[in-house]
Amino acid sequence: MFEKETKKIKNTSQVGLWGSAAVVILAALFLYASPWRFPMQSEYVNRWMLIVGSVLAVLSLSMALLVIRKQVPRLRQTEGLGAKLAGYAGYIQSLYLSILAVVVVLCLMTMISNQNVLLMLAMVTVLMLILAYPNIYKVKVDLGLTDEEMKSLYGDRYIVEQKDEK
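Residues numbered from 1 in each chain as written. Predicted model: local features only at pLDDT ≥ 70, side-chain atom pairs only at ≥ 80, totals over all residues. Heavy atoms only, no water.

Student: How would you summarise the confidence of the model for the protein if you had to cite specific residues and measurements?
Tutor: Of all residues in the protein, 98% have pLDDT values of 70 or greater, and the mean over the chain is 91. Confidence, read as mean pLDDT per element, is least for helix 6 (residues 147-154) in the protein (87) and greatest for helix 4 (residues 116-131) (95). (pLDDT = per-residue confidence, 0-100. Helix = DSSP H or I, 4+ residues; strand = E, 2+ residues; numbered from the N terminus.)

Student: Could you give an account of the pattern of salt bridges, with specific residues and numbers?
Tutor: Evaluation of the coordinates by the stated rule reveals two salt bridges. For the salt bridge of Lys138 with Asp142, the shortest nitrogen-to-oxygen distance reads 2.8 Å. On the criterion of helical spacing, the pair formed by Lys138 and Asp142 is a turn pair, its members being four residues apart in helix 5 (residues 136-143). Its salt-bridge partner being Asp147, residue Lys140 comes within 2.8 Å of it at the nearest N-O pair. (Salt bridge = Lys/Arg side-chain N within 4 Å of Asp/Glu carboxyl O.)

Student: How would you sum up the packing of helix 2 (residues 43-76) against helix 3 (residues 81-113)? Please name residues and give values.
Tutor: Their axes nearest at 10 Å, the elements helix 2 and helix 3 cross at an angle of 170°. When the interaxial angle is binned, helix 2 and helix 3 end up roughly antiparallel. Of the residues contributing to the contact of helix 2 with helix 3, the split by class is 19 nonpolar, seven polar and two charged. (Axes fitted to C-alpha atoms, helices over the stretch in contact; angles between N-to-C directions. Parallel < 35°, antiparallel > 145°, perpendicular 65-115°, else oblique. Nonpolar A, V, L, I, M, F, W, Y, C, P; charged D, E, K, R; others polar.)

Student: With reference to specific residues and values, describe the side chain of Ser60.
Tutor: In this structure, Ser60 sits in helix 2. The class for Ser60 is buried, based on a relative accessible area of 5%. Setting aside chain neighbours within four positions, we find Ser60 in contact with Ile99 and Val102. (Buried < 20%, exposed > 50% of the residue type's maximum accessible area, 1.4 Å probe, protein only. Contact = heavy atoms within 4.5 Å.)

Student: Hey, could you go over the packing of aromatic side chains for me, with residue numbers and the actual values?
Tutor: Per the stated rule, a full pass over the model turns up four aromatic pairs. Centre to centre, the rings of Phe30 and Phe38 are 5.7 Å apart; their planes meet at 55°, and the pair counts as tilted. Taken together, a centroid distance of 5.6 Å and an interplanar angle of 40° make the contact between Tyr137 and Tyr158 tilted. With a gap of 21 residues between them, Tyr137 in helix 5 and Tyr158 in the segment after helix 6 connect regions that are remote in the sequence. (Phe/Tyr/Trp six-rings, centres within 6.5 Å; stacked < 30°, edge-to-face > 60°.)

Student: Quick rundown of the environment of Gly16? Include the residues and the values.
Tutor: As for its position among the elements, Gly16 is in helix 1 (residues 3-32). Taking the C-alpha atoms as reference points, Gly16 and Ser94, separated by 78 residues in sequence, lie 9.8 Å from one another.

Student: Outline helix 3, listing residues and values.
Tutor: Each turn of an α-helix holds 3.6 residues, which means side chains three or four residues apart point in the same direction. The first and last C-alpha atoms of helix 3 sit 48 Å apart over 33 residues, in line with the 48 Å expected at 1.5 Å per residue. Positive backbone phi, at 55°, marks Asn114, one or two positions downstream of helix 3. (Expected span 1.5 Å × (residues − 1).)

Student: If you had to explain the environment of Tyr32 to someone new, which residues and values would you point to?
Tutor: Among the structural elements, Tyr32 can be located in helix 1. With a relative accessible area of 53%, Tyr32 lands in the exposed category. Each C-alpha atom, one on Tyr32 and one on Asn116, is 9.8 Å from the other, the two residues being 84 residues apart in sequence. Dropping the residues within four chain positions of it, Tyr32 is found in contact with Asn116 and Leu119. A distance of 3.3 Å separates a polar atom in the side chain of Tyr32 from a polar atom in the side chain of Asn116. (Polar contact = N/O pair within 3.5 Å; in protein donor to acceptor, adjacent residues only side chain to side chain.)

Student: I'd like a rundown of the layout of surface pockets, residues and numbers included.
Tutor: If you add up the space inside the largest pocket, you get close to 270 Å³. If you trace the largest pocket, you find 13 residues lining it, with Thr6, Lys7, Lys10, Tyr154 and Arg157 closest to the centre. Elements with a minimum of two residues in the lining of the largest pocket: helix 1 and helix 6. Among the elements that line the lining of the largest pocket, the one with the most residues is helix 1, at six residues. Looking at side-chain class alone, the lining of the largest pocket contains six nonpolar, three polar and four charged residues. (1 Å grid on protein atoms, 1.4 Å probe; cavity = no way out; pocket = protein on both sides within 12 Å on 5 of 7 lines; lining within 4 Å. Points joined across faces, edges and corners; volume = space filled by probe spheres on them.)

What follows is the structure, encoded as structure tokens:
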């Protein structure tokens, strides 16, 4: 019934996370193991690339944290499971794909300017994606779903918490 939304959440988050991780690994390999280098830029250009890359990383992480902080409570208060899942899928798609684009830009700037700091900032950005990854239990908490709703969404993959009654 809601398989389309749950697949969209899963696929988009995996593309964003694993794509970002792959781009960072490829940039690190290019920077440290490759015999090829881009022509050296002037000191002025390198300095501005470092400043712009740092500002881009900080702004994208701030944007992501602000979106998480504002959007999740708003989605939790939405009426209806379908509306909650559709909103959550759109939220995950915009968050993960925009961060993937930021990581690609940071890695390109890293390779062009040979600035290791930009690679570190790209790694921190990927770490934020790992921490915000929407597994089935995080989806339950983020959307405030009941055990019955989770069973209807994920079936046997969702394990109900056993509560001790005394």
